[in-house]
Amino acid sequence: MNIKIHRGLDQIGGCITEISTATSRVFVDMGKNLPGSGRQMSEEEEREYVANLFSQNKKENEAVIYTHAHEDHVGMFVHVPENVPQYIGKGGLELLLAKYRILLKAPLNAEDVASNNEKIRRLEVFRVWERPIRRPKSFNIGDIAITPFYSCHSIYDSYMFLIEADGKRIWHTGDYREHGYLGKGLEKVLRAYAKDIDVLITEGTNLKKPEKCIHESEVSSRMAHVMRAFKYVFVLASSTDIDRLATIKNAARNARKNLYINSAYMKETMRIFTEREANVANGLYKFHPKFATERSLDKMKRDGFVLVTGVSKMADVESMREYFPDNETVLIYSSWDGYYKTPEQVEVNPMYKMFRDSFNNVVDIHTSGHADRDTIKKVIDIVNPKDEVIIIHKEADASLV
């Protein structure tokens with residue numbers, strides 16, 4: 001069994017790993033490069049890049065498997081040859097389909113409509129696995145066996161993989177963390193299933209950061225403190241981060257404020273989370289927020305509120321804020337601070353900085369979606385691979401040494 005890291009040894013995101021035998025091969029992830037990490041490619045350059053990957057080392061049996069639905073892992077799926085099956089967790093597929101179907105309802109030019117329709121068409125033939133409740137289930141691509149294991153990350157339905165072929169066993173972690181609500185299962189899964197591993201492939205996003213990440217429950221506690229101090233609370237957060245949305249929901253409840261949203265996509269992701277996970281963790285992932293409209297503004301002004309939103313709704317938030325005094329209004333910024341601090345990120349997507357700067361009162365409350373340095377070391381120690389540890393999804397000069 002051969003392993004080739006096409007991208008990821010010297011960049012965060014955009015990772016592509018190829019694992020092959022004499023007759024079969026699997027690509028793990030096919031994501032876009034992140035701004036400031038890897039060369040930015042046009043759509044045509046991405047198409048050519050993926051075509052080149054599949055023109056070399058061709059095998060009788062081929063597939064792409066995805067760890068999760070973030071763009072830097074799945075973003076180039078539309079360029080994969082149509083005769084190559086693509087696999088993802090069922091929840092991840094639902095998030096992707098929801099995104100592109102919602103986008104089709106926005107004002108778009110003909111080219112964007114065609115692009116979104118093509119992505120939906122390609123996604124509708126993805127093959128999926130369900131999150132295992134008890135024993136994990138494997139599937140085969142030729143003589144390569146793949147077993148997905150649910151993991152905790154900053155997007156719903158993320159997975160690790162056990163990949164077996166030619167008498168060898170590879171453990172690919174994808175992106176993971178231990179400080180989310182379901183992160184407590186990390187060690188249990190590794191000790192039960194990551195045995196006799198020859199090669200460990202792990203992410204290393206936070207290797208250069210010595211500090212330990214705070215737990216989501218601490219994020220919730222800090223948010224509740226701010227929510228009690230201000231009557232009108234806006235929270236900037238991702239629509240696909242089930243843990244963070246649960247954190248905000250709990251904080252709003254503890255602050256005795258009604259939870260509102262103003263995004264059709266967030267409404268759909270919360271519906272997916274509630275439908276699929278309402279009975280997990282004592283209702284932690286059950287969401288029933290109110291949808292903010294003009295008709296609800298008087299009630300919101302009278303009672304106070306917590307409104308979760310995204311940067312795409314900046315114009316709506318701006319018009320809404322006219323109803324609320326600035327000195328009683330706060331933004332809890334609950335996203336990666338690089339979006340407004342890193343010049344490359346601001347240049348590519350200035351909306352995060354613009355949104356944050358538009359508020360007089362701002363509090364940053366966040367924790368990483370990725371494992372901290374101590375957790376990465378813990379994973380390596382538990383798995384203890386026989387042959388090699390390969391760290392991807394990391395900066396070029398990052399290491400554990």
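What this report covers is the structure whose coordinates are included nearby.

What counts and what doesn't
Residues numbered from 1 in each chain as written. Predicted model: local features only at pLDDT ≥ 70, side-chain atom pairs only at ≥ 80, totals over all residues. Heavy atoms only, no water. Helix = DSSP H or I, 4+ residues; strand = E, 2+ residues; numbered from the N terminus. Rg over C-alpha atoms; globule rule 2.2 N^0.38 Å. Buried < 20%, exposed > 50% of the residue type's maximum accessible area, 1.4 Å probe, protein only. Contact = heavy atoms within 4.5 Å. Axes fitted to C-alpha atoms, helices over the stretch in contact; angles between N-to-C directions. Parallel < 35°, antiparallel > 145°, perpendicular 65-115°, else oblique. Left-handed = near helix turned anticlockwise from the far one by under 90°. Nonpolar A, V, L, I, M, F, W, Y, C, P; charged D, E, K, R; others polar. Pairing = 2+ DSSP bridges. Phe/Tyr/Trp six-rings, centres within 6.5 Å; stacked < 30°, edge-to-face > 60°. Lys NZ or Arg CZ within 6 Å of the ring centre and 35° of its normal.

1. Section: the overall build of the protein
Here is step 1 of the chain: For the protein, the count of helices and strands is 14 helices and 18 strands.
Here is step 2 of the chain: For the protein, the C-alpha radius of gyration of 21 Å lies close to 21 Å, the compact-globule estimate for 401 residues.
Here is step 3 of the chain: Referenced to the eigenvectors of the C-alpha coordinate spread, the extents of the protein come out at roughly 70 × 50 × 40 Å.
Here is step 4 of the chain: Of all 401 residues assigned to the protein, the portion counted as buried reaches 54%.
Here is step 5 of the chain: Partitioning the intrachain contacts of the protein with sequence separation of at least 6 by distance along the chain shows that 73% fall at a separation of at least 24.

2. Let's talk about the packing of helix H3 (residues 90-103) against helix H4 (residues 110-123)
Here is step 1 of the chain: Closest axis-to-axis distance for the H3/H4 pair is 9 Å, and the angle between their directions is 155°. Taken together, H3 and H4 sit at an angle that is classed as roughly antiparallel. For the element pair H3 and H4, the recorded crossing hand is left-handed. Residue-level inspection shows Leu93, Leu96, Leu97, Tyr100, Arg101 and Leu103 of H3 in contact with H4, the latter providing Asn116, Lys119, Ile120 and Leu123.
Here is step 2 of the chain: Of the residues in the contact of H3 with H4, the class split is 7 nonpolar, 1 polar and 2 charged.

3. Brief notes about the sheet that holds strand S13 (residues 259-261)
Here is step 1 of the chain: Read from one edge of the open sheet, 6 strands run S14-S13-S15-S12-S16-S17, paired in parallel fashion. Bordering the open sheet on either side are strand S14 (290-291) and strand S17 (362-364), each of which pairs with just one other strand.
Here is step 2 of the chain: Inspection of the sheet shows strand S16 (residues 329-333) paired to S17 by 3 bridges, in the parallel sense. Bridge pairing in S17 places tyrosine 333 opposite aspartate 364.
Here is step 3 of the chain: Lying on the sheet, helix H7 (residues 242-254) is in contact with strand S12 (232-236), S13 and strand S15 (305-309); it crosses S15 at an angle near 170°.

4. Section: the packing of aromatic side chains
Here is step 1 of the chain: For the structure shown, the criterion picks out 24 aromatic pairs.
Here is step 2 of the chain: Here phenylalanine 77 and tyrosine 100 contribute two aromatic rings whose centre-to-centre distance is 6.3 Å and whose plane-to-plane angle is 55°, an arrangement assigned as tilted. Placement of phenylalanine 77 in the loop between helix H2 (71-74) and strand S5 (86-89) and of tyrosine 100 in helix H3 is noted, with a sequence separation of 23 residues between them. Like phenylalanine 77, the residue tyrosine 100 is buried in the burial classification.
Here is step 3 of the chain: Between the aromatic rings of tyrosine 156 and phenylalanine 273, the centroid separation amounts to 5.1 Å while the plane-to-plane angle is 65°, which identifies the pairing as edge-to-face. Within this pair, whereas tyrosine 156 is found in the loop between strand S8 (144-151) and strand S9 (158-165), its partner phenylalanine 273 is found in helix H8 (residues 264-277), the two being separated by 117 residues in sequence. When sorted by exposure, tyrosine 156 lands in the same class as phenylalanine 273, which is buried.
Here is step 4 of the chain: Three or more aromatic residues joined by ring pairs form one cluster here, namely Tyr232, Phe234, Tyr260, Phe305, Tyr323, Phe324, Phe355 and Phe359.
Here is step 5 of the chain: Positioned over the ring face of tyrosine 49 is arginine 7, at 4.8 Å from the centre of the ring.

5. Regarding the pairing of strand S2 (residues 16-20)
Here is step 1 of the chain: Burial within S2 is extensive, with 5 of its 5 residues counted as buried.
Here is step 2 of the chain: Residues of S2 alternate between two faces, with Ile16, Glu18 and Ser20 on one and Thr17 and Ile19 on the opposite face, all of them buried.
Here is step 3 of the chain: Of the strand pairs in this sheet, strand S1 (residues 2-7) and S2 are connected by 5 bridges, and their pairing is antiparallel. Each bridged residue has a counterpart across the sheet, and for arginine 7 the counterpart in S2 is isoleucine 16.
Here is step 4 of the chain: Judged from the 4 bridges that link them, S2 and strand S3 (residues 24-28) form a sheet pairing that is antiparallel. Across the sheet, serine 20 pairs through a bridge with arginine 25, a residue of S3.

6. A short note on the environment of leucine 93
Here is step 1 of the chain: Residue placement: leucine 93 occurs in helix H3.
Here is step 2 of the chain: A relative accessible area of 10% means that leucine 93 is categorised as buried.
Here is step 3 of the chain: Between the C-alpha atom of leucine 93 and that of isoleucine 197, which follows or precedes it by 104 residues, the distance is 29 Å.
Here is step 4 of the chain: Excluding its chain neighbours within four sequence positions, the residues that come into contact with leucine 93 are Ile88, Leu123, Phe126 and Val128.

7. Focus on unusual backbone geometry
Here is step 1 of the chain: Here the phi dihedral of aspartate 29 falls at roughly 70°; this positive angle occurs in a residue that is not glycine.
Here is step 2 of the chain: Within the fold, aspartate 29 resides in the loop between S3 and helix H1 (43-55).
Here is step 3 of the chain: The backbone phi angle of asparagine 282 is positive, close to 55°, even though this residue is not glycine.
Here is step 4 of the chain: For asparagine 282, the position within the fold is in the loop between H8 and S14.
Here is step 5 of the chain: Assessed through its relative accessible area of 84%, asparagine 282 is described here as exposed.

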